[in-house]
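# Examination of the molecular architecture
Each chain is listed here by its residues.
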Amino acid sequence: MTDVTRFVYDAATAVDPLGDLEKEAEKAAKHNRAKVGSGRPSSLLYTYGPGSIMDLPQFTIMSTGLDDWDRIWRRRDSLPPQIHAPRLRDVVRMLLRSPDVQLRPHPWQPKRISLSTEGNDLGVPARVFPQWLRCTGCDMLGMLSQFDYRNTHPFRTDLACFEHAKCTGRSGNRARKPAHRTAVPARYLLACVDGHLDEFPYDQWVHHGKPCAQAQFPALKMVDRTAGKGASAVIHCASCNMRRPMNEAQGEAGKSKLPDCRGRHPHLDAFEPKGCRNKTRLILVGASNLWFPATQSIIVMPESQQERASDLADRIRTSLGDKLAKYRENLDILRDLLEGKVDITLLSDQELEQAVTAASAPPATEEEQEEQIRTWDPVDLLVPEWRYLLKDPLGTRHEDEASGLTLSKRARDPALRPEITRVLAVERLRKVNALVGFTRIDDMDRVGDLPRRLAPLTRAARPTWTVATEDRGEGIFLQLDEERVAAWENRVLATDLWQAHRKAHQRNFNRRFSDTAASVDPDTRLRFPRYWLVHTFAHVLIRELAMTCGYSAASLSERLYAWPEAEGRAPAAGLLICTTASDSDGTLGGLVQLSEPARLQRVVSNALDKATRCSSDPICAMRTPQDPEDFLHGAACHCCVMASETSCERANRFLDRRFLVDLPGSDLGFFSPLG
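Anyway, here's the lowdown on the structure attached to this text. (Residues numbered from 1 in each chain as written. Predicted model: local features only at pLDDT ≥ 70, side-chain atom pairs only at ≥ 80, totals over all residues. Heavy atoms only, no water.)

Moving on: the overall build of the chain. Across its full length, the chain carries 18 helices and 25 strands. Its C-alpha atoms give the chain a radius of gyration of 28 Å, within 12% of the compact-globule value 26 Å for 675 residues. With the C-alpha coordinates of the chain rotated into their principal frame, the extents come out at 85 × 75 × 50 Å. Here the chain holds 675 residues, and the buried ones make up 50% of them. (Helix = DSSP H or I, 4+ residues; strand = E, 2+ residues; numbered from the N terminus. Rg over C-alpha atoms; globule rule 2.2 N^0.38 Å. Buried < 20%, exposed > 50% of the residue type's maximum accessible area, 1.4 Å probe, protein only.)

Structure below.
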């Protein structure tokens with residue numbers, strides 16, 4: 001993804017909030033407490049990860065890169081904990097082009113009681129960003145150093161704020177007694193499509209790129225008196241009385257007035273040494289396209305013998321390092337070196353020799369790595385899960401101790417739709433999610449040259465770890481009849497409706513994907529009809545399950561197994577509806593209870609019945625994209641099918657009720673009316 005010399009970094013500016021706190025404690029100062037807020041592990045992965053901006057009550061912060069997180073981990077003598085998920089770890093290593101990446105949780109430890117102190121030495125490091133602030137009393141616009149920081153209450157992080165200590169109000173009356181007024185972030189930033197982000201240069205903007213004629217350090221104000229949308233503020237230089245509105249920086253016309261990108265990664269304290277050739281774009285602090293996480297996730301399944309052997313070889317390699325090559329011929333010395341690090345007590349000499357040979361294999365060349373990334377399909381992560389779920393559990397209830405996966409086979413109710421062939425109750429599961437980078441402006445799946453557009457998490461060319469979370473929960477797995485699905489899919493592919501969806505997807509791709517995606521065939525990004533079917537079915541089930549399972553619809557999520565037969569891959573048509581939580585050991589069982597035959601039959605029947613009607617019909621039922629429309633759904637809207645972003649893995653794309661049930665004017669429903 002990058003070479004070693006890519007980033008320029010000043011160690012003197014490293015973020016060490018807990019270290020700063022200790023320095024202040026030595027001075028007996030009652031300020032600059034490290035903690036400024038908190039977040040759930042899931043939000044720190046999907047919404048507020050490294051490089052993103054988090055809104056606090058009084059100001060905004062940016063989580064720093066993982067280099068600064070290492071400083072937090074090193075505060076403890078023990079090694080940082082690791083999350084065991086070899087299948088996901090190997091994919092992350094491939095995407096990050098680093099053979100030594102480990103999966104670690106956020107630096108956090110739960111407290112026994114709210115006021116206890118364990119875990120106070122841990123936390124996610126962050127810096128204030130943007131560092132241009134505006135006084136709410138007098139509109140003064142200045143850098144962070146021009147304001148005072150106050151955070152004196154150890155248990156009220158919401159009171160932390162920056163203040164203008166000598167604010168005289170908007171009238172500027174010097175006779176008025178100065179007062180402390182809160183300062184808030186100036187809300188404009190500059191971003192580019194390669195993941196760079198920078199402060200907006202207000203002083204250069206108001207002076208049209210020239211220095212102020214009256215002062216070396218001009219007094220700036222951000223005046224905003226309107227309640228309209230967009231960049232409505234006006235930047236005013238009180239020193240030379242020049243003014244310039246921010247709306248000049250908006251739109252296509254405004255792009256030419258903005259400076260070129262400097263190649264800044266504020267979360268890494270780094271710049272691209274050769275700069276960046278992209279044009280910048282004006283973006284607001286709270287914009288939804290400021291940060292898109294690039295994540296991969298798996299449901300942890302029992303490991304095969306091949307996976308266990310590969311994981312053992314990897315642990316031997318990472319534990320021994322350079323000593324592996326030196327002592328690989330002496331098994332007795334290797335056993336002594338691995339004692340307490342890797343459990344090899346039950347391995348025979350022959351098995352240990354095989355593991356050492358595998359661990360000593362040369363790493364893939366750069367060309368081989370690029371070929372792996374080019375040909376890799378995210379579906380590859382789903383295939384092992386699908387294969388395991390196709391097996392019937394051993395006995396009525398089977399629990400795998402290593403993975404924690406607990407499955408129970410459910411009998412089919414006689415009245416259950418015949419298109420559903422198997423039902424499994426997933427009483428316990430573990431889902432692991434890992435962050436591999438992030439993008440700005442364009443979402444990850446809208447970037448054609450992903451390796452270049454993916455912003456890094458560390459300054460190192462080959463990171464040694466990335467942040468991951470473990471979610472535990474429960475779910476219901478449904479398998480559809482493959483013969484029926486294949487026959488239905490062939491029928492749909494020949495319809496005008498499918499051709500309309502295909503052409504809409506081409507228009508959407510050409511208009512909204514990044515400019516460098518021109519070499520990508522849009523049809524390779526279009527999901528097959530069976531995916532639309534399984535996806536729509538999952539959404540209507542989530543809506544119906546939420547009515548009785550005890551969890552909200554936003555707490556339920558889908559995992560879709562839907563792909564046709566391909567080389568080395570059998571076809572799949574099934575889905576897993578699950579609920580998981582990253583800060584608990586499990587869930588309450590309400591979802592699993594609905595997998596019982598009679599209850600599930602009622603859920604499926606009610607869900608399909610409700611899918612035949614929508615309060616927006618007939619408009620919704622007949623919605624078909626026509627040129628120049630480019631939406632990626634058909635008969636689907638928020639009144640009938642669409643779900644929250646926490647539930648849907650495709651942002652409510654690829655949905656159509658006509659593929660699920662027959663609607664007026666359409667007979668393409670997979671679940672045809674029962675006679």
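Now that the structure has been shown, the text picks up again.
Following the criterion strictly, the structure yields 21 aromatic pairs and no others. With a centroid separation of 4.9 Å and an interplanar angle of 40°, the aromatic rings of tyrosine 149 and phenylalanine 162 are classed as tilted. Of this pair, tyrosine 149 sits in strand E8 (residues 148-150) while phenylalanine 162 sits in strand E9 (residues 161-167), placing them 13 residues apart in sequence. For phenylalanine 162, a relative accessible area of 6% translates into the label buried. By the ring-pair criterion, three or more aromatic residues cluster together here, those being Trp488, Trp498, Tyr531, Trp532, Phe537, Phe654, Phe659, Phe670 and Phe671. Here the guanidinium or amino end of arginine 244 rests over the ring plane of tryptophan 205, the centre of that ring lying 3.6 Å away. Over the face of the ring belonging to tyrosine 531 we find arginine 527, whose NZ or CZ atom lies 5.2 Å from the ring centre. (Phe/Tyr/Trp six-rings, centres within 6.5 Å; stacked < 30°, edge-to-face > 60°. Lys NZ or Arg CZ within 6 Å of the ring centre and 35° of its normal.)

Strand order in the open sheet made by the eight strands is E8-E9-E10-E6-E7-E13-E14-E15, with antiparallel pairing throughout. Two strands bound the open sheet, and with one partner strand each, they are E8 and strand E15 (243-245). Averaged over all pairs of adjacent strands, the angle between strand axes in this sheet comes to 35°, irrespective of strand direction. The pairing of strand E6 (residues 132-135) with strand E7 (residues 140-143) spans three bridges and is classified as antiparallel. (Pairing = 2+ DSSP bridges. Axes fitted to C-alpha atoms, helices over the stretch in contact; angles between N-to-C directions.)

What follows covers helix H7 (residues 305-320). With 16 residues, H7 extends 23 Å from end C-alpha to end C-alpha; this agrees with the ideal 22 Å at 1.5 Å per step. Of the residues making up H7, those classed as buried are Asp311, Leu312, Ala313, Asp314, Ile316 and Leu320. On the buried face of H7, the contacting elements are helix H4 (86-96), strand E4 (102-104), helix H8 (323-327), helix H9 (331-338) and helix H10 (349-359). (Expected span 1.5 Å × (residues − 1). Contact = heavy atoms within 4.5 Å.)

Before going further, it helps to spend a moment on the packing of helix H14 (residues 482-493) against helix H16 (residues 529-545). Here H14 crosses H16 at 115°, and the two axes come no closer than 9 Å. Where H14 crosses over H16, the handedness of that crossing is right-handed. Facing H14, whose interface residues are Glu482, Val485, Ala486, Trp488, Glu489, Val492 and Leu493, H16 presents Pro529, Arg530 and Leu533. Counted by class, the contact of H14 with H16 contains seven nonpolar, no polar and three charged residues. (Left-handed = near helix turned anticlockwise from the far one by under 90°. Nonpolar A, V, L, I, M, F, W, Y, C, P; charged D, E, K, R; others polar.)

A few words on the sheet that holds strand E12 (residues 197-199). Judged by pairing direction, the sheet is antiparallel, and its three strands sit side by side in the order E12-E11-E18 without closing on themselves. Across the chains shown, the open sheet's two edge strands, defined by having one partner strand only, are E12 and strand E18 (281-284). Neighbour to neighbour, the strand axes of the sheet diverge by 40° on average, direction disregarded. The sheet contact formed by strand E11 (residues 188-191) and E18 spans four bridges and is antiparallel. Along E18, the bridge assignment pairs alanine 191 with arginine 281.

What follows deals with the pattern of salt bridges. Side-chain pairs of opposite charge can arise whenever the charged atoms involved come near each other. Counted according to the given criterion, the structure contains 47 salt bridges. With its nearest N and O atoms 2.5 Å apart, the salt bridge here joins aspartate 269 to arginine 127. In this pair, aspartate 269 is assigned in the loop between strand E16 (264-265) and strand E17 (270-271) and arginine 127 in strand E5 (residues 126-128), connecting sequence segments 142 residues apart. Neither aspartate 269 nor arginine 127 differs from the other in exposure class; each is buried. Shared partners join several salt bridges into a network, and the residues in it are Arg89, Asp90, Arg93, Asp100, Asp311, Asp314, Arg315 and Arg317. (Salt bridge = Lys/Arg side-chain N within 4 Å of Asp/Glu carboxyl O.)

Position of glutamate 385 relative to the elements: it lies in helix H12 (residues 379-389). Taking relative accessible area as the criterion, glutamate 385 reaches 0% and is therefore assigned buried. If we ignore the near neighbours within four places in the chain, the residues touching glutamate 385 are Arg87, Ile298, Ile299, Met301, Arg559 and Tyr561.

Once that is clear, we can look at the nonpolar core. The nonpolar side chains of a soluble globular protein tend to be buried with one another. Formed by 57 residues in total, the largest nonpolar core has its most connected members in Leu480 and Phe537. Of all the secondary structure elements, the ones that give two or more residues to this core are strand E22 (420-439), strand E23 (465-480), H14, helix H15 (496-512), H16, strand E24 (556-563), strand E25 (572-581) and helix H18 (597-611). If you tally residues by element for this core, the top one is H16, at 10 residues. For leucine 480, the residues in contact, after removing those within four places along its chain, are Glu419, Ile420, Thr421, Val485, Leu533, Val534, Phe537, Ala573, Gly574, Phe670 and Phe671. Membership of the second largest hydrophobic core comes to 22 residues, among which are Ile298, Val300, Met444 and Ala468. (Core = buried A, V, L, I, M, F, W, Y, C linked by side-chain atoms within 4.5 Å.)

What follows is about the side chain of serine 403. Relative to the helices and strands, serine 403 is located in the loop between strand E20 (398-399) and strand E21 (406-410). Among the polar contacts made by the side chain of serine 403, one reaches the side chain of aspartate 400 at a distance of 2.7 Å. A polar contact is formed between the side chain of serine 403 and the backbone nitrogen of leucine 405, at a distance of 3.3 Å. Residues within four places of serine 403 in sequence aside, it is in contact with Val300, Met301, Pro302 and Arg430. (Polar contact = N/O pair within 3.5 Å; in protein donor to acceptor, adjacent residues only side chain to side chain.)

Right, let's get into the environment of aspartate 521. Counting through the fold element by element, aspartate 521 comes out in the loop between H15 and H16. Judged by relative accessible area, aspartate 521 falls into the partly exposed class, the value being 42%. Along the chain, aspartate 521 and alanine 213 lie 308 residues apart, while their C-alpha atoms are 54 Å from each other.

This next bit is on the environment of histidine 180. Within the secondary structure, histidine 180 is located in strand E10 (residues 179-185). Counting along the chain gives 248 residues from histidine 180 to arginine 428, while the straight-line C-alpha distance between them is 54 Å. The residues contacting histidine 180, other than those within four sequence positions of it, are Glu163, His164 and Ala165. A polar side-chain atom of histidine 180 sits 3.3 Å from a polar atom in the side chain of glutamate 163.

Our next topic: the pairing of E11. Neither face of E11 is open: one carries Tyr188 and Leu190, the other Leu189 and Ala191, and all of them are buried. Of the pairings in the sheet, the one linking E11 to E12 comprises three bridges and is antiparallel in character. Following the sheet pairing, leucine 189 is matched in E12 by glutamate 199. Remark: five residues form the turn of the hairpin made by E11 and E12, two consecutive strands paired antiparallel; glycine 195 in that turn has positive phi of roughly 90°.

This brings us to unusual backbone geometry. Working note: non-glycine residues mostly have negative phi, and peptide bonds are mostly trans. Backbone torsion omega between phenylalanine 129 and proline 130 reads 0°, so that peptide bond is classified as cis. Here proline 130 shows up in the loop between E5 and E6. Here asparagine 241, not a glycine, exhibits a phi torsion of approximately 70°, which is positive. Assignment of secondary structure puts asparagine 241 in the loop between strand E14 (234-237) and E15. Of note in the backbone geometry, alanine 651 takes a positive phi value of approximately 55° without being a glycine. Overall, the relative accessible area of 52% leaves alanine 651 in the exposed class.

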